[in-house]
Amino acid sequence: MSLMGKYQRLALLAFVLTAFSMALFKASSWHVAYGFRLPLAPEVKIPEKAVVVKQVVVRKKGRRQTVRVTETIAPQGRIDSHFASSRFNVQTHAVSLVELKDGRVRAFWFSGSREGAGDVTINSAVFDPTKNIWSDEKVVTGRSHTQRGLHRYISKVGNPVATRAPDGSLWMFYVTVSLGGWAGSSISMMTSHDEGESWSAPRRLITSPFMNISTLVKSPPVFYSDGTVGLPVYHEFISKYAEMLHLDKAGKVIDKQRLAAGGQGTLQPVVLVRNEKEATVLTRYAGKDEAPRAMGMTTEDGGRRWSEPTKSVMKNSNAALAALVLPDGKWLAVFNDQERGRGNLSLQMSSDGGATWEELRRLEEMSRLRGATLDEVACTDLIDGLVRSSDAGLEADAQRLASHVDSAKRWVRASGGCLFEFSYPYMIQAHNGDIHVAYTWNRTFIKHVVFDSLWLQQRLKGGK
Amino acid sequence: MSFTDWTGLSGLALVWVLLALRLPFATRLAQPQRWLFVLAIYGAVLLPVFGLSLAGFLRGMVGDLSMSSILLLLTALAARLRQLAGGEGTAWWSARERLTLFLFVSVLALLLYPFALGIGMSDPYRSGFGGVGLLVMLALLSLWSMRRGSYLLPTACSLAVAAWSIGWYESTNIWDYLIDVPLAIYAIVQTVKAMLKARKVERV
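Fair warning: this is a prediction, and the values are worked out from it, not measured in the lab.

The number of helices and strands found in chain B is 10 helices and zero strands. Counting from the amino terminus, helix and strand elements in chain B follow one another as α-α-α-α-α-α-α-α-α-α. The principal-axis extent of the C-alpha atoms belonging to chain B is close to 55 × 55 × 30 Å. Across the 204 residues of chain B, 52% fall into the buried class. The contacts in chain B between residues at least 6 apart in sequence include a share of 72% that link residues at least 24 apart. Accessible surface, chain B: about 9800 Å² in total, of which carbon and sulfur atoms supply 72%. Taken together, the 16 basic and 9 acidic charged side chains of chain B have centroids lying 14 Å from each other.

Written out as structure tokens, the structure reads:
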């Protein structure tokens, strides 16, 4: 029998009715919008052909004459690369990029003594396209700072992803782990109102009922028609699958959608929005297929329902990929174009919605060395060459060049061989049309490749 | 520290206070000293040492306790203090009411966790994001439970949805206010124990 008296029971009934009335009132105003908001088209300025007037000396009827000749010089597309990170002898990984209001590009990544170590911090630096240089990197947050802000134990941090929030501020999502490996991750977020110079205390996103574990972030968010945000995430605990978090304009979780069932090996989803209704998600494949390919899911109703995952034509060696939709509808992707290892990185384009891909440039190619035995001298020579070709600015500073080579050697020769790894690409298009690609370079540095629309056009015309 | 953080940490501190009150030392204390002891344990569990309190460490491991857990802990604490003060009766809720709640939590846990962790395409956790269906189900269950004379279940459900309505915790999902993993484990163990005991009685 209950131990409650009559008046206590009446009071409880009143409480039950009040509580559920409040909850139903709140639920009735809970709105999750679908339909994508397309990004603003970049303002691309293709340089005009330059006309040069030259004075040329010619002989006419035995007499020397000076003749004016006009020459038209076709402008050349620009591609350049740099190292964005500047710390030596650390492991560096998982970069993301966001364009600042003044056209500069801010990058975020994590680095420390090793991936998952307690000293790993989320770092950031800014690329100034007018000066073509990266700033020194600064620490945004780390394990202790996050622990203090969240008032709970944190053992490691990783995978920062930044985006422009609906109110114009910057949001940075990153994963934090309290127990176990990366499968135990939760997502936290910080806000900046000064373009990333300073950040709010972290805030935890609650995305899973099971001790809030196993939601990880890696790829850029998308926007829905009402300004709310779709954050592509993935789950790794027990089984692996892609998901989509729906955040309101304040960054609170209002919905979570499963994009694929567990066991289908879909990780690190990247959303390619074609129009308000149609989008495709491409994912890293973490399954056991002998011929591994990135997986793809599509929606035709603005993200309300997603198709079953199917194999795409893109090779995937259980590695993250980056992709975006260009204003003309073509798709651009950066991925490891191989079934095993991460020894190459390829920039490719698709004009038919991902059915076929054409390579525009091999950003890195060391996969042919897989299995080869190289002695230390030969390997160091290779690293030296790669460092020089990755950042021409280092040629002028012998000491920094040597430090880069030494740092890279620690990873490349960690197993005693000569194993290169290029991974976790991230790609954005800036408002001036420039494409910025950043990726992990041998777990040692973050490499940044930037090219303009003209370079892209020229590659498409066949001049690889 | 925000109200949400304070509640999350206090819920875990309650566990330690209850455990401390089980110590023989606590039973020998006089009334005022016992209250001071409760406050001292509560403060000690929340006191940061090298930037982290014991409650903060536990919060990192298990997250915030649900409103159902906090309700059970608070009523267990009140009952324990009443018992130590020499009051009559030790339980705030009857055994039947507790078992009804444990059965309810066990069923919810078995319906929620396996599917939320990736079995199939359907994720019941999604229904907790403002899901009217889930709320209506909980309301009907609460009223039915009250009609049957069991008041713990409706109290827990109402507390959970009220806390969700005002955004008490970081979570925006009703499920996180309703159940949590430690409670689910405890409830399943208690339910199984009760079922085994009932079978034993039937055999006798």
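Moving on, we get to the overall build of chain A. Per the secondary structure count, chain A includes five helices and 29 strands. For chain A, the spread of C-alpha atoms along the three principal axes comes to 125 × 50 × 45 Å. Expressed as a percentage of the 464 residues in chain A, the buried residues total 56%. A fraction of 51% describes how many contacts in chain A between residues 6 or more apart in sequence connect residues 24 or more apart. Accessible surface, chain A as shown: approximately 20000 Å² in total, 51% of it carbon and sulfur. The average position of the 60 basic charges and that of the 46 acidic charges among the side chains of chain A differ by 2 Å.

Time to look at the state of the cysteines. Residue and element names in this part refer to chain A. Taken as a whole, this structure holds one disulfide over all chains when the rule is applied. With a sulfur-sulfur separation of 2.1 Å, C379 is cross-linked through a disulfide to C418. Given an S-S torsion of about 85 degrees, the disulfide between C379 and C418 has right-handed geometry. Here C418 lies in the loop between α4 (398-412) and β27 (422-429) and C379 lies in helix α3 (residues 376-390), a separation of 39 residues in the sequence. For the residue pair C379 and C418, the accessibility class agrees, reading buried in each case.

Here the focus is the interface of chain B and chain A. One widely used convention gives an interface's size as the accessible area the parts lose upon coming together. Opposite the 58 residues of chain B that make contact, chain A presents 48 residues. The junction of chain B with chain A conceals about 4600 Å² of combined surface from both sides, 69% of it contributed by carbon and sulfur atoms. Per-residue buried area on chain B facing chain A is highest for L117(B), M121(B) and R126(B); these three make up 15% of the total on that side. Applying the counting criterion to the chain B and chain A interface returns four salt bridges. With its nearest N and O atoms 3.9 Å apart, the salt bridge here joins K256(A) to D123(B).

Attention now goes to a nonpolar patch on the surface. All names here are of chain B. A cluster of nonpolar side chains, namely V15, W16, L19, L54 and F57, defines an oily patch on the protein surface of about 400 Å² accessible area. For the nonpolar patch, the elements supplying multiple residues, two or more each, are α1 (3-20) and α4 (54-62). Counting residues per element, the nonpolar patch draws most heavily on α1, at three residues. Checked against the element boundaries, W16 lands in helix α1.

Looking now at the environment of G128(B). Residues and elements named next belong to chain B. Along the chain, the position of G128 falls in the loop between α6 (95-116) and α7 (132-147). You can call G128 buried: its relative accessible area is 0%. Separated by 44 residues in sequence, G128 and T172 have C-alpha atoms that sit 8.1 Å apart. The contacts of G128, once residues within four sequence positions are left out, are L134, W164, T172, N173, I174 and W175.

Our next topic: the sheet that holds strand β26 (residues 358-365) of chain A. Residue and element names in this part refer to chain A. If you walk across this open sheet you meet the four strands as β23-β24-β25-β26, and the pairing is antiparallel. This sheet does not close on itself; its edge strands, each paired only once, are β23 (322-325) and β26. Neighbouring strand axes in the sheet, compared pairwise and without regard to direction, differ in orientation by 10 degrees on average. The pairing of strand β24 (residues 331-335) with strand β25 (residues 344-350) spans five bridges and is antiparallel. Directly across from A333, in β25, lies its bridge partner Q348.

Below, the discussion takes up the packing of aromatic side chains. Aromatic ring pairs are reported here in terms of the distance separating the ring centres and the angle at which the planes meet. Per the stated rule, a full pass over the model turns up 24 aromatic pairs over all chains. Plain terms: the ring middles of F36(A) and Y224(A) are 5.6 Å apart, the flat faces sit at 20 degrees to each other, and that makes the pair stacked. Taken as a pair, F36(A) in strand β1 (residues 36-37) and Y224(A) in strand β15 (residues 222-224) lie far apart in primary sequence, 188 residues in all. Given the relative accessible area of 0%, Y224(A) is considered buried. Look at Y153(A) and F57(B): their rings are 5.0 Å apart centre to centre, the planes differ by 50 degrees, and that puts the pair in the tilted class. Taken together, the residues Y153(A) in the loop between α2 (143-150) and β10 (156-164) and F57(B) in helix α4 connect one chain to another. Classification of Y153(A) by relative accessible area gives partly exposed; the value is 21%. Cluster of aromatic residues (ring-pair linked, three or more members): F83(A), F88(A), W441(A) and F445(A).

Residue and element names in this part refer to chain A. Sheet architecture is open: four strands sit in the order β19-β20-β21-β22, paired in antiparallel fashion. Two strands bound the open sheet, and with one partner strand each, they are β19 (266-273) and β22 (310-315). Taken over all neighbouring pairs, the strand axes of this sheet differ in orientation by 35 degrees on average, direction set aside. Pairing of strand β20 (residues 279-285) with strand β21 (residues 293-299), which is carried by five bridges, proceeds in the antiparallel orientation. Bridge assignment links V281 to a residue of β21, and that residue is M297.

Looking now at the pattern of salt bridges. Residue and element names in this part refer to chain A. Applying the stated criterion across every chain, the model contains 26 salt bridges over all chains. The salt bridge partner of E364 is K447, with a shortest N-O separation of 2.8 Å. Here the residue E364 occupies a position in strand β26, and K447 occupies one in strand β29 (residues 445-451), the gap between them amounting to 83 residues. A residue is classified by how much of its surface remains accessible, and E364, at 3% relative accessible area, is buried. In the salt-bridge network here, residues are joined through shared partners; they are E115, R342, E421 and R443.

What follows covers the packing of α3(A) against α4(A). Residue and element names in this part refer to chain A. Where α3 contacts α4, the two axes come as close as 9 Å, and the packing angle between them is 125 degrees. Relative to α4, the element α3 is oriented oblique. Where α3 crosses over α4, the two elements pack in a sense that is right-handed. Two secondary-structure elements touch here, α3 through E376, C379, T380, I383, D384, V387 and R388 and α4 through L401, H404, V405, A408, K409 and V412.

It is worth spelling out α2(A) at this point. Every buried residue belonging to α2(A) is among T146(A), Q147(A) and L150(A), and all of these are buried. Projected down its long axis, α2(A) shows its buried positions confined to an angular sector of 100 degrees, all on one face.

Before going further, it helps to examine the pairing of strand β2 (residues 50-60) of chain A. Residues and elements named next belong to chain A. In terms of strand pairing, β2 meets strand β3 (residues 63-73) through 11 bridges, oriented antiparallel. Note that in β3 the partner of V56 across the bridge is V67. Remark: two residues form the turn of the hairpin made by β2 and β3, two consecutive strands paired antiparallel; K61 in that turn has positive phi of roughly 55 degrees.

About the thresholds
Residues numbered from 1 in each chain as written. Chains lettered and ligands numbered in written order. Predicted model: local features only at pLDDT ≥ 70, side-chain atom pairs only at ≥ 80, totals over all residues. Heavy atoms only, no water. Helix = DSSP H or I, 4+ residues; strand = E, 2+ residues; numbered from the N terminus. Buried < 20%, exposed > 50% of the residue type's maximum accessible area, 1.4 Å probe, protein only. Contact = heavy atoms within 4.5 Å. Areas by Shrake-Rupley, 256 points an atom, 1.4 Å probe, with all protein chains shown as cover. Lys, Arg positive; Asp, Glu negative; His and termini not counted. Charge placed at Lys NZ, Arg CZ, Asp CG, Glu CD. Disulfide = S-S within 2.5 Å. Buried area = accessible area lost by both parts, 1.4 Å probe. Salt bridge = Lys/Arg side-chain N within 4 Å of Asp/Glu carboxyl O. Patch = residues over 30% accessible without salt bridge, like charges linked within 9 Å, V, L, I, M, F, W, Y side chains within 5 Å. Pairing = 2+ DSSP bridges. Axes fitted to C-alpha atoms, helices over the stretch in contact; angles between N-to-C directions. Phe/Tyr/Trp six-rings, centres within 6.5 Å; stacked < 30°, edge-to-face > 60°. Parallel < 35°, antiparallel > 145°, perpendicular 65-115°, else oblique. Left-handed = near helix turned anticlockwise from the far one by under 90°. Arc of directions from axis to C-beta.

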